[in-house]
Amino acid sequence: MNDFERALRSLRVWDTDLPSFDPESAPAAPLPLFHDWFVAAAGAGQVEPHTMSLATVDQDGRPDVRTVMLHGADARGWHFASHATSAKGRQLAAHPEAALGFYWPAQGRQVRVRGGVSTSPRDEAYADLHARTTGALASALVGRQSEVLESAEELRRVSEAAWERAEAEPGAHAESWTLYVLDPAEVEFFQGDARRRHVRLRYRRDETGAWSRELLWP
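What comes next is a walk through the structure. It should be emphasised that the depicted structure is a prediction, and the values quoted were computed from it without experimental measurement.

This part covers the nonpolar core. Soluble globular proteins tend to bury their nonpolar side chains together. Residues Phe34, Trp78, Phe80, Phe102 and Val111 are the most contacted members of the largest nonpolar core, which totals 28 residues. Elements represented by at least two residues in this core include exactly helix H2 (30–43), strand E1 (51–57), strand E4 (77–83), strand E5 (97–104), strand E6 (109–119), strand E7 (177–191) and strand E8 (199–205). The dominant element in this core, judged by the number of residues it contributes, is H2, at five residues. Setting aside anything within four residues of it in sequence, one finds Phe34 in contact with Leu70, Ala73, Trp78, Phe102, Trp104, Val111 and Phe189. Ala125, Leu129, Ala172 and Ala174 belong to the second-largest nonpolar core, a separate cluster that totals 14 residues.

Okay, structure coming up:
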């Protein structure tokens, strides 16, 4: 057995007391429950609970996934941002459907969200960008996300110039910066159980906008 296999087999899951979850007490719509679980995850010390996996498909229908940051969750949907010119931006322009995955091991919880994706107005995207840190603005000003990088030196040079501009012009715009909103059609809440009797509650929305709830086998 090599080091990788030993490490893999030595790991345990949810080595902590897990919260209970009674699906009968869940609200009629998923957003309030997501807010509650998010706050609970942050309160339990979960590292970066606002990070999530974003899955899209490319022009050949092949799945793609990466970790991004949640920028909000409200009546319109789940918000995230990127460059329209990035790989994910181009994929969403061609196939405006996506899935999100949150994993909060501090409480043995997952949340999965699926639905159509739209873009917010430009002024909202810029307001979102300027509410973030200088480093985030500098990174956005660099742009060119997912393009081939010729050398680390080129990145250093362009990044330094972007930092200087971000510090001098905190209201600078990154033209390709886009705020996306995923309008959920399905939201699933997973509560882990030490005896593997996991609770899975799925919300599904019909054509009228009404939500239904159902339990799933773990």
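The end-to-end C-alpha separation of helix H6 (residues 152–168) is 24 Å, in line with the 24 Å expected for 17 residues at 1.5 Å each. Inspection of H6 places Glu154, Ala162 and Ala166 among the buried residues, and these make up the whole buried set. Viewed end-on, H6 has its buried residues packed into an arc of 95°, placing them on one side of the element. Those residues of H6 that are exposed and aimed more than 90 degrees away from the buried face are Ala152, Glu164, Glu167 and Ala168. Here the buried face of H6 lies against helix H5 (134–142).

Our next topic: the side chain of Asp128. Among the secondary structure elements, Asp128 is positioned in helix H4 (residues 122–130). For the buried Asp128, no salt bridge exists, and the shortest N-O distance to an oppositely charged side chain is 5.2 Å, to Arg132. A polar side-chain atom of Asp128 sits 3.5 Å from a polar atom in the side chain of Trp177. Excluding its chain neighbours within four sequence positions, the residues that come into contact with Asp128 are His71, Ala81, Trp177 and Leu179.

Turning our eyes to something else, we now look at the environment of Asp58. Tracing the backbone shows Asp58 in the loop between E1 and strand E2 (63–69). For Asp58, a relative accessible area of 12% puts it in the buried group. Asp58 sits 30 residues away from Lys88 along the chain, and the two C-alpha atoms are 8.4 Å apart. The contacts of Asp58, once residues within four sequence positions are left out, are Gln91 and His95.

Parameters and conventions
- Residues numbered from 1 in each chain as written.
- Predicted model: local features only at pLDDT ≥ 70, side-chain atom pairs only at ≥ 80, totals over all residues.
- Heavy atoms only, no water.
- Core = buried A, V, L, I, M, F, W, Y, C linked by side-chain atoms within 4.5 Å.
- Buried < 20%, exposed > 50% of the residue type's maximum accessible area, 1.4 Å probe, protein only.
- Helix = DSSP H or I, 4+ residues; strand = E, 2+ residues; numbered from the N terminus.
- Contact = heavy atoms within 4.5 Å.
- Expected span 1.5 Å × (residues − 1).
- Arc of directions from axis to C-beta.
- Lys, Arg positive; Asp, Glu negative; His and termini not counted.
- Salt bridge = Lys/Arg side-chain N within 4 Å of Asp/Glu carboxyl O.
- Polar contact = N/O pair within 3.5 Å; in protein donor to acceptor, adjacent residues only side chain to side chain.

Geometric descriptors of this kind do not, in isolation, establish any biological role.
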